[in-house]
Structure formats: C-alpha cells, structure tokens
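Chain by chain, the residues:
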Amino acid sequence: MNWDDARLNRWLWLGIGVLGIFLVVQLTDRFRFRLDMTEEKRYTISEPSRRLLGELNDIVTIESYLDGELPSNFVRFRKSLEDMLDQFTVYGGTKIQYRFIDPSKAKTARSRNEYYQSLIEKGLPQTNLTYTKDGQRTEKVIFPGVLMTYQGRELAIPLLKGNRSSSPEEMLNESIEGLEYELVRGVRSVTESNRRKIG
C-alpha cells in the first residue's frame, strides 16, 4: 500500500465516522427516549399518564410563567417542570407544545401590572418572593403555575402545593413530587371538558 492509498483510506474512514455521527444525531432527534437510572424511578412517567398523552387528538399548549431571574430553589423547581414537560413530549409527541415566559419582561410598570392582572384573572395565583441576592434584598412576583390550551379552551393549573405552614423548601419538594399528577390532571380536564361539550 503506498502513501496515497493510506491517505485515501484515512479520509474514507473519517467520512464514514462523520456520516455515522450525523445519522445518530438524526435518529436521536426523531426518536427521543430517556433512561431513568434513579432507584425510585423519579423521572419515569406512569403508564396511565403515557396512555393519556399518547391518545391526544389535538395539540395541548402549555405556557409556564416561571422564567427570568429566580432564586435558586425556584430555579430547581423550574428545571423539574421543564424535565417533566420534556417527558410529556416524549410520549405526546408534537401534540404537547410548551414554552416558558417571563411575565416581568414588560416594557413599562403599567403594562407589567396589567399582564399580572390578566394572569390572576385567568386563575393563576401570584406568589411574592423576598430573597437576598449579592447582599441585597430582592422582591419578585412569580406565577408558579401553567396555562393549558386545547382547542380554544384554557385552563389554569397552580403548581405550588403543600401546607402553607411548611418551610419553603418542604413546599417546593412536595410541589416537585406532585408535578406529574397536577399536569396530567390538567391535560385530562382540559381535553375531557372539550369532549363533553361536543357530546
């Protein structure tokens, strides 16, 4: 084998490697899956939930208002919610669409307050947070819930659960543990109500 053949061979193997990586990326993008290695199967959705998501007839749009600058414990809550919604898209496919919105990003204080009021009127309770960041006391209004829309019908799902006398960490842990239940209950309510109306 001469030098030109060896170089051609290397280029051929490089091309095959790049093509292989491209195919793997395409396949993982098209066929999403997760492997839950936790002992208590924390990231595995129950079989009834999978069935419900797999049988959706139309798109369920889920808007979460937990975005923007948040204290670390609510960043964890937001991440858990995003992970759960990612799981929903694995089983619901394109019938589940979600996005995160920062309600405090309005241009003026007046438009921000009007936006807050519209969320409250839709049924999302606001929570006033006070926390310390970089040695300064910070206050923030958040809406720990989601709005689900299905065939024109809208439903507000508050996600912050637990006993108000509990510590904030206990409430958040309880809320994170109940995410699947609350979201699936919301999907069932928003889709079944629509079916009853048609029937």
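The structure we're discussing is the one just above.
Engineer: Just checking my understanding: could you explain the overall build of the chain for this structure?
Structural biologist: Of regular secondary structure, the chain possesses six helices and five strands. In sequence order, the chain lays out its α and β elements as α-α-β-α-β-α-β-β-β-α-α. Every one of the 199 residues in the chain was classed for burial, and the buried ones make up 35%. Long-range contacts, defined here as pairs at least 24 residues apart, represent 64% of the contacts in the chain between residues at least 6 apart.

Engineer: Before we go on, may I ask you to explain the pairing of strand β4 (residues 136–150) in this structure?
Structural biologist: When a strand is regular, its side chains alternate between the sheet's two faces. Relative to β4, strand β1 (residues 60–65) runs antiparallel, the two being bridged by six bridges. The partner of T61 across the bridge, within β4, is T149. In this structure, strand β3 (residues 127–133) lies alongside β4, joined through seven bridges in antiparallel fashion. What sits directly across from Y131, in β4, is T138. The hairpin formed by β3 and β4 contains two residues between the paired strands, and D134 there has a positive phi angle of roughly 55°. In this structure, β4 lies alongside strand β5 (residues 153–158), joined through six bridges in antiparallel fashion. When the bridges of β5 are listed, M148 appears paired with L155. Here β4 folds back onto β5, and the loop between the two strands holds two residues, one of which, Q151, carries a positive phi near 50°.

Engineer: I keep staring at helix α2 (residues 47–54) and nothing clicks. Help me out?
Structural biologist: In an α-helix, one turn spans 3.6 residues, which is why side chains three or four residues apart end up on the same side. Among the residues making up α2, those that are buried are S49, L52 and L53. Looking down the long axis of α2, one finds its buried residues gathered within 95° of arc, a one-sided arrangement.

Engineer: What is the right way to look at the pairing of β1 in this model?
Structural biologist: Judged by how many residues are buried, β1 sits mostly within the fold: five of six residues are covered. In the classification by handedness, the crossover that spans β1, the intervening helix α3 (residues 72–92) and the parallel strand β2 (residues 96–100) is right-handed.

Engineer: What's the story with the packing of aromatic side chains in this structure? I'm lost.
Structural biologist: How two aromatic rings sit relative to each other is set out by the distance from centre to centre and by the angle between their planes. In total, this model carries four aromatic pairs according to the counting rule given. Between the aromatic rings of Y98 and F100, the centroid separation amounts to 6.0 Å while the plane-to-plane angle is 90°, which identifies the pairing as edge-to-face. Taking the relative accessible area as the measure of exposure, Y98 reaches 24% and is therefore partly exposed. Positioned above the aromatic ring of F100, the side-chain terminus of R78 is 3.9 Å from the ring centre.

Engineer: Would you take a moment to explain the nonpolar core for this structure?
Structural biologist: If you look at soluble globular proteins, the nonpolar side chains tend to sit buried side by side. With 34 residues, the main nonpolar core has F74, F88, M148 and L183 as its most contacted residues. When near neighbours in sequence (up to four residues on either side) are disregarded, F74 contacts L66, L129, I142, L160 and L172. Counting eight residues, the second largest nonpolar core, distinct from the first, contains Y65, I101, L147 and A156.

Engineer: Would you mind going over the environment of Y131 with me for this structure?
Structural biologist: In this structure, Y131 sits in strand β3. Residue classification places Y131 among the buried positions, given a relative accessible area of 13%. With 59 residues separating them in the primary sequence, Y131 and S72 have C-alpha atoms 9.9 Å apart. Those residues in contact with Y131, other than ones at most four positions away along the chain, are E69, L70, P71, Q136, R137, T138 and K140.

Engineer: I would appreciate a short explanation of the pattern of salt bridges in the present structure.
Structural biologist: As a working rule, side chains carrying opposite charge can pair if their charged atoms are close by. Counted by the stated rule, this structure contains ten salt bridges. We note a salt bridge from R50 to E47, for which the minimum N-O separation is 3.8 Å. With R50 and E47 both in helix α2 and three residues apart, the pair spans about one turn of that helix. Judged by its relative accessible area of 27%, R50 falls in the partly exposed class. For E47, a relative accessible area of 45% puts it in the partly exposed group.

Engineer: Sorry if this is basic, but what is going on with helix α4 (residues 109–121) here?
Structural biologist: In this model, α4 (13 residues) spans 18 Å end to end at C-alpha, consistent with the 18 Å of a helix rising 1.5 Å per residue. Residue G123 follows α4 closely and has a positive phi angle near 110°.

Cut-offs and rules
- Residues numbered from 1 in each chain as written.
- Predicted model: local features only at pLDDT ≥ 70, side-chain atom pairs only at ≥ 80, totals over all residues.
- Heavy atoms only, no water.
- Helix = DSSP H or I, 4+ residues; strand = E, 2+ residues; numbered from the N terminus.
- Buried < 20%, exposed > 50% of the residue type's maximum accessible area, 1.4 Å probe, protein only.
- Contact = heavy atoms within 4.5 Å.
- Pairing = 2+ DSSP bridges.
- Arc of directions from axis to C-beta.
- Right-handed = clockwise from strand over helix to strand, strands pointing away.
- Phe/Tyr/Trp six-rings, centres within 6.5 Å; stacked < 30°, edge-to-face > 60°.
- Lys NZ or Arg CZ within 6 Å of the ring centre and 35° of its normal.
- Core = buried A, V, L, I, M, F, W, Y, C linked by side-chain atoms within 4.5 Å.
- Salt bridge = Lys/Arg side-chain N within 4 Å of Asp/Glu carboxyl O.
- Expected span 1.5 Å × (residues − 1).

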